[in-house]
Amino acid sequence: MKKQSGITITDIAKELKISVATVSRAFNNHPYVKPELKKQILEFAKTHGYQPSSLASGLRKGKTKTIGVIIPRNNRNFFSNIISSIEEVLTTAGYNTLICQSFESPEKEDSNITTLINSNVSGIIISHCLGKNSHKNIEEAINKGIKVIQFDRVFNAPQTSFVINDNKQGAKEVVLHLLKQGYKRIAFFYGSLTTNIFKERQLGYLEAHKEMGIKPDTSLFFKNTLTREEGYNTTKQIIDKNIKFDAIFSCGDYSALGAYLYIKERGLKIPEDIGIAGFADEPFTEFTTPSITSVNQNDKEMGRLVAEQLIREIENEKSTQIQITIPTIVKYRESTQRL
């Protein structure tokens, strides 16, 4: 391992083939660690530039070894998998995890952040709710010495790293697939364009049309269509008004499911009459008949990278803020295979 300023106790444990707990005990002069092993750990840390004093200093100032995680909702497979990966990494490194939900409410998100600040957490991992338009409270947390890292739904807030998907590329690939399958008028279901993920997915939608030389009809853009009920009702509205369309690309799988249910209810055929594609690769997309094309977001990898980056920043004050973009994978299924 090369000498670097960003080394963590997790890196040390992997390199020496021991547990993170053993490394932590060595730094805390725990009697359970044999003197020879403790010496090896401390010398290795010194050689590779690891400075445990920053964490110890933070703890002396009242910070706990607790990380707060704020998500919009935990009833989505995407967020559940991310939380699972985050907890696995944090637990291995000796941290506790406190999970909060904003329930897509900016006021609740602000309240969550205030609660975590008052709880003296060492760090906050956050994916913002819809409608959030300020990062003032994030700055407040940072000013109090709390490390903050954002994921999925992010702001370009100062002094924070973030981990996101390549939303534009994922959307572009799935819309290109629809166009190449012969669909010409693709309805676009999305959330607010003030949220980065929906803005990026719209750009992917538009780029796919441009690449195929097809002018998109923006009258087929339907905002705030993310839940199952919204997908069902919007699709009903389109069909009842005789609006011409032959496919739906939804920024969320639940609204895609709502569309799917109404189309089936009307006796229309999927994918022959109408193609459907979603985003998130929720488990149900694989088991409907026909199965639903969707975009997998590598959620477990996202959770792992978010947690590891936060630990790196907590344990080494010289660690720099970074942006990590994770590729998406389109899962092509029956709902779009018209040819």
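Each chain carries its own residue numbering, running from 1 in the direction its sequence is written. Local features are withheld for residues below a pLDDT of 70 in this predicted model, meaning they are given only at 70 or higher, and side-chain atom pairs are given and counted only at 80 or more; totals for whole chains, interfaces and linings count all residues. The basis for the side-chain values is all heavy atoms of the structure; hydrogens and waters are excluded.

Caption draft 1: Seen up close, the overall build of the protein chain. Helix and strand assignments follow DSSP, with helices taken as H or I runs no shorter than four residues and strands as E runs no shorter than two, numbered in order from the N terminus. The number of helices and strands found in the protein chain is 12 helices and 12 strands. By principal-axis analysis of the C-alpha atoms, the protein chain measures approximately 75 × 40 × 35 Å. Any residue under 20% of the maximum accessible area for its type is buried, any over 50% is exposed, and the rest in between are partly exposed; the area is computed with a 1.4 Å probe on protein chains only. Burial analysis of the protein chain (339 residues in total) assigns 53% to the buried set. Sequence separation of 24 or more characterises 73% of the internal contacts of the protein chain that already satisfy a separation of 6 or more. Residue-level accessible areas treat just the shown protein chains as cover; the underlying method is Shrake-Rupley with a 1.4 Å probe. Accessible surface for the protein chain amounts to roughly 15700 Å². Of this, 48% is attributable to carbon and sulfur atoms. Separation of charge centres in the protein chain, based on 45 positive and 37 negative side chains, amounts to 4 Å. Contacts are assigned to residue pairs with any non-hydrogen atoms lying within 4.5 Å of each other. His is not counted here, nor are the chain ends, while Lys and Arg score as positive and Asp and Glu score as negative. In plain terms, the charge of a residue is placed at NZ if it is Lys, CZ if Arg, CG if Asp and CD if Glu.

Caption draft 2: Spatial organisation of the nonpolar core. The definition of a nonpolar core used throughout is a set of buried Ala, Val, Leu, Ile, Met, Phe, Trp, Tyr and Cys residues joined through side-chain atoms within 4.5 Å. With 38 residues, the main nonpolar core has Ile12, Ile86, Ile125, Phe151, Val163, Met302 and Val306 as its most contacted residues. Among the elements of the structure, α1 (9-16), α2 (20-27), α3 (35-47), β1 (66-71), α5 (77-92), β4 (147-151), α12 (299-315) and β11 (323-326) are those that each provide at least two residues to this core. Among residues more than four places away in sequence, those in contact with Ile125 are Ile67, Gly68, Val69, Ile70, Ile86, Ile149, Phe151, Val306, Ala307 and Leu310. Core analysis: the next-biggest nonpolar cluster, separate from the first, contains 24 residues, Ala171, Phe188, Phe198 and Phe249 among them.

Caption draft 3: Fine view of the pairing of strand β3 (residues 123-126). Side-chain alternation along β3 places Gly123 and Ile125 on one buried face and Ile124 and Ile126 on a second face that is also buried. Two elements, β1 and β3, share four bridges in a ladder whose sense is parallel. The partner of Ile70 across the bridge, within β3, is Ile126. Pairing analysis gives four bridges linking β3 to β4, with the strands arranged parallel. Following the sheet pairing, Ile125 is matched in β4 by Ile149. By the criterion used throughout, a crossover qualifies as right-handed when its path from the first strand across the helix to the second strand runs clockwise, the strands pointing away from the viewer. Between the parallel elements β3 and β4, the chain passes through helix α7 (residues 136-143) in a crossover that is right-handed. Two strands pair if DSSP finds at least two bridges between them.

Caption draft 4: Molecular detail of the sheet that holds β4. Taking strand neighbours across the sheet as the criterion, the six strands line up as β2-β1-β3-β4-β5-β11 in an open arrangement whose pairing is parallel. Edge positions in the sheet fall to β2 (96-101) and β11, since each of these pairs with one other strand and no more. Pairwise comparison of adjacent strand axes, ignoring direction, gives a mean angle of 15 degrees for this sheet. Pairing of strand β5 (residues 161-165) with β11 involves four bridges; the strand directions are parallel. Opposite Phe162, over in β11, you have Gln323 as the bridge partner. With axes taken as lines fitted to C-alpha atoms, and helix axes fitted only over the stretch in contact, angles between N-to-C directions fall between 0 and 180 degrees. This element, α12, spans β1, β3, β4, β5 and β11 of the sheet and lies at about 160 degrees to β4.

Caption draft 5: Quick look at the packing of helix α6 (residues 106-118) against α7. For the pair α6 and α7, interaxial distance at closest approach is 10 Å and the crossing angle is 5 degrees. One way to sum up the angle between α6 and α7 is to call them roughly parallel. Of the residues in α7, those touching α6 at Asp110, Ile113 and Ile117 are Asn137, Glu140 and Ala141. Counted by class, the contact of α6 with α7 contains three nonpolar, one polar and two charged residues. Under this scheme an angle from 65 to 115 degrees is roughly perpendicular, one under 35 degrees roughly parallel, and one over 145 degrees roughly antiparallel; angles in between are oblique. For this scheme, ten residues count as nonpolar: Ala, Val, Leu, Ile, Met, Phe, Trp, Tyr, Cys and Pro. Four count as charged, namely Asp, Glu, Lys and Arg, and the remainder, Gly too, count as polar.

Caption draft 6: Highlighting the layout of surface pockets. Lining residues are those with an atom within 4 Å of a point, where the points come from a 1 Å grid over the protein atoms alone and group into cavities, where a 1.4 Å probe fits but cannot get out, or pockets, open sets with protein on both sides within 12 Å along at least five of seven lines. Grid points are joined across faces, edges and corners, and a volume is the space filled by probe spheres set on the points. Here the largest pocket is characterised by a volume of approximately 450 Å³. In this structure, the largest pocket is lined by 24 residues; those nearest its centre are Arg76, Glu104, Arg153, Phe198 and Leu226. Of all the elements, helix α9 (residues 196-212) adds the most residues to the lining of the largest pocket, at three residues. For the lining of the largest pocket, a count of residues per class yields 11 nonpolar, four polar and nine charged.

Caption draft 7: Structural detail: α3. Helix span, as expected, comes to 1.5 Å for every residue beyond the first. Across its 13 residues, α3 extends 18 Å between first and last C-alpha, which sits within 8% of the 18 Å expected from 1.5 Å per residue. Ile41, Phe44 and Ala45 are the residues of α3 that are buried. Along α3, the residues classed as buried sweep out an arc of 100 degrees about the axis, all on the same side. Opposite the buried face of α3, by more than 90 degrees, sit the exposed residues Pro35, Glu36, Lys39 and Lys46. Where α3 ends, the next residue or the one after it, Gly49, has phi of about 80 degrees, a positive value. This arc is taken over the directions from the axis of the helix to the C-beta atoms.

Purely spatial values, then, with no claim about function.
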